[in-house]
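# Secondary and tertiary structure notes
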Amino acid sequence: MAVSPHAFPPRKRRPSAGAFVSPKLADINLVKSLLSLSQEISSFKPFQCLLKRNSVSSINKSKLLSILFDELIKNPASVFFSPSTLLCFEEMYIVLQRIKTLLEDCSNGSKMWMLMQIQVLSNNFHELTLELSTLLDIFPFKEIELGQDVEELVVLVRKQCGKSKPVVDPGDVFLRREVLTMLDRIEKEIVPDQLKLKKVIEDLGLRDGSSCREEIESLQDEIQNQVDEKSKSDIVSLIGLVRYANCVLFGSSTASKPDHRRKKSTSDLTIPADFRCPITLELMRDPVVVATGQTYDRESINLWIESGHSTCPKTGQTLIHTNLIPNRALRNLITMWCREQGIPFETVGNNEKVNSVKGTKAAFEATKMTVSFLVNKLSGSQTMEAANGVVYELRALSKTDSDSRACIAEAGAIPILVRYLGSSVGLEHPNLQVNAVTTILNLSILEANKTRIVETDGALNGVIEVLRSGATWEAKGNAAATIFSLSGIHGYRKGLGRKTRVIKGLLDLAKDGPTSSQKDALVAILNLAGDRETVGRLVEGGVIQMVSGVIDELPEEAVTILEAVTRRGGLTAIAAAFNIIKKLGVILREGSDNARESASATLVTMCRKGGPEMVAELAVIPGIERIIWEVMGGGTARGRRKAATLLRILRRWAAGLDLDTNNVVDSSNMITMTVGTSRTILQA
């Protein structure tokens, strides 16, 4: 079978810190704690589908015990306990805490997971009932004065606990068998019977798209509670089944659900510059260090290297090796910052967690069936509203993993998606245009899909049209992000750089769009600027003027582009950047370490190639030498070296010497020679 009936071991528990610890209280306060705890358990609603009898039994027993504790509180004279009685109540508190935790675990967790371990959970309820029975057997009736009716009630609870047996509803057992059989048939590429699938899903209490999405999220969380890789993979199979059921049974019910590509929790925050990847300008999730000492997000730098680059994107230096060293210290800092800001550190949320788990054939076949169903449905869509629902489902599925992205492209979805990129669609159905271009963006993450997209008639032109005239900023931003993704391949980068519409669209978006869309455009521009021929077109298109306009709002992004353009753009770019020198001086004084590094490197290039006029413009900035000394005293190693070179250029200019700095004293030596006097200058 696809999933063995014994493949699902008990989950790791997630109790609160004090769940199984006695409160260390005495007498009346201990009884009050017991009353409060039993009332909390009594307030639980019995389970509606699985483990009904177990939940009802535990809740009812807690209700009866709360009567006992209430009686003890009303009669304070009876609660001066002996040590043995106190110990009995402390143990009872721990058992009730464990019952509460088990009920919470089952109430808040995955229904499908409960079903897979139904016998284990039933045994857990039974074991706790037996422990409670043992404590009631030694309950000190003689020591505590109770009314006859309350005493009879305690005896009744004790008898009920003593007669308890593990109970598993035959319907639950049958339902579990049905799910396992369905997974087995999916693995054999047999499409599930829709009526049976509907019965299973409804019996689990999943009655609409929203509940299915919650179930998928619960299963994704469940993966993190497993230590066995096979169990994790088996849960991925269950996710595939629920996702398929959601699409087949509930259609486009998820179409109105907002996309979380950019989580609102991060878009309103200023991410510290050191936490952002220099390539994507987004928060790093897995920072790694390359041979030049620069730090990038692993996914971004891997994509850069796999695309055929042998240089460091930030410094332009040749990488002497391509080993990536995890920057654990920075990752810990990012994790702490995310926790303080209330931002989930795992990106795409749970999808990344699932991606790290080895899938099963059942999961893969379920994905193929889901994709086939959606693409066939999209092909036959009669209305734009119906198409929007299906495209949204493809958009959501394309975010999950590489298998999904491959299946969607192989099923022929790209040519169909192209239909919904046009301006006419955007005007009448803007959400459909956004969903279509975002799906293509997600598909482009997979290397093989880049070629499929570029070679599909109308796909690239459709993306460019959205970039130029998309109905919403989100559509334009996602089109820019698609351009960035496709430009990861060197041949495509050169081709995209030759298209005037691409250059114009990216520059316009960078100038006029909201911050999130501007960043998408700037990242794409930075990638295109890796080609010298394209830099010339960027300069002709007004990239320097664009940088000048956004440098105050997005200094790090703007100055990074300026560095790349001036390094590869020749004298035309240098001359165009003349008016930005004073703004670069402000960044040297007030910018982040990375921004100051790029500003220093840009000014060195401009002064070397632009002649005395450039240096003179820099020299008139008030306190410029002191500012440069400050950069030399801290920040990145490359930033300090560039600042030292810049100071050398200024002093040679002031002395009337040749500005050729190719033979100047090594920057690092200069730092060593001057660091002793820097404090004096700074204090002047």
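Quick caveat: nothing in here was measured; it's all calculated off a predicted structure. (Residues numbered from 1 in each chain as written. Predicted model: local features only at pLDDT ≥ 70, side-chain atom pairs only at ≥ 80, totals over all residues. Heavy atoms only, no water.)

### Focus: the pattern of salt bridges
- Counting across every chain of the model gives 25 salt bridges.
- A salt bridge links glutamate 410 to arginine 452; the shortest N-O distance between them is 3.7 Å. On the criterion of sequence distance, the pair formed by glutamate 410 in helix α17 (residues 402–410) and arginine 452 in helix α21 (residues 447–455) is long-range, its members being 42 residues apart.
- Assessed through its relative accessible area of 55%, glutamate 410 is described here as exposed. (Salt bridge = Lys/Arg side-chain N within 4 Å of Asp/Glu carboxyl O. Helix = DSSP H or I, 4+ residues; strand = E, 2+ residues; numbered from the N terminus. Buried < 20%, exposed > 50% of the residue type's maximum accessible area, 1.4 Å probe, protein only.)

### Remarks on the side chain of serine 517
- Secondary-structure assignment places serine 517 in helix α26 (residues 515–528).
- In this view, serine 517 contacts Trp473, Glu474, Gly477 and Leu509; residues no more than four positions away in its chain are not counted. (Contact = heavy atoms within 4.5 Å.)

### Notes on the nonpolar core
- By size, the foremost hydrophobic cluster in this structure holds 121 residues, and its most contacted members are Leu506 and Val543.
- Considering each element in turn, this core owes the most residues, seven residues, to α26.
- Not counting residues within four places of it along the chain, the set of residues in contact with valine 543 comprises Leu507, Ile525, Leu538, Ile561 and Val565.
- In terms of nonpolar packing, the next biggest core, distinct from the first, is built from 75 residues, Ile99, Val157, Val179 and Val248 among them. (Core = buried A, V, L, I, M, F, W, Y, C linked by side-chain atoms within 4.5 Å.)

### Digging into the packing of helix α28 (residues 543–550) against helix α29 (residues 555–568)
- Look at α28 against α29: their axes get within 9 Å of each other, and the N-to-C directions meet at 155°. Overall, the two elements α28 and α29 adopt an arrangement that is roughly antiparallel. Once α28 is placed against α29, the crossing between them reads as left-handed. Packed against α28, whose contacting residues are Val543, Ile544, Val547 and Val550, the element α29 presents Pro555, Ala558, Ile561, Leu562 and Val565 at the interface.
- Residue composition of the contact of α28 with α29, grouped by class: nine nonpolar, no polar and no charged. (Axes fitted to C-alpha atoms, helices over the stretch in contact; angles between N-to-C directions. Parallel < 35°, antiparallel > 145°, perpendicular 65-115°, else oblique. Left-handed = near helix turned anticlockwise from the far one by under 90°. Nonpolar A, V, L, I, M, F, W, Y, C, P; charged D, E, K, R; others polar.)

### Comments concerning a negative patch on the surface
- Taken together, the side chains of Asp208, Glu214, Glu217 and Asp221 present a region of like negative charge at the surface.
- Judged by relative accessible area, glutamate 217 falls into the partly exposed class, the value being 39%. (Patch = residues over 30% accessible without salt bridge, like charges linked within 9 Å, V, L, I, M, F, W, Y side chains within 5 Å. Areas by Shrake-Rupley, 256 points an atom, 1.4 Å probe, with all protein chains shown as cover. Lys, Arg positive; Asp, Glu negative; His and termini not counted. Charge placed at Lys NZ, Arg CZ, Asp CG, Glu CD.)

### A word on helix α12 (residues 298–306)
- Inspection of α12 places Ser300, Ile301, Trp304 and Ile305 among the buried residues, and these make up the whole buried set. End-on, the buried residues of α12 take up no more than an arc of 130°, which puts them together on one face. Turned more than 90 degrees from where α12 packs its buried face, Glu299 and Glu306 sit exposed.
- One or two positions beyond α12, positive phi appears at glycine 308, with a value near 105°. (Arc of directions from axis to C-beta.)

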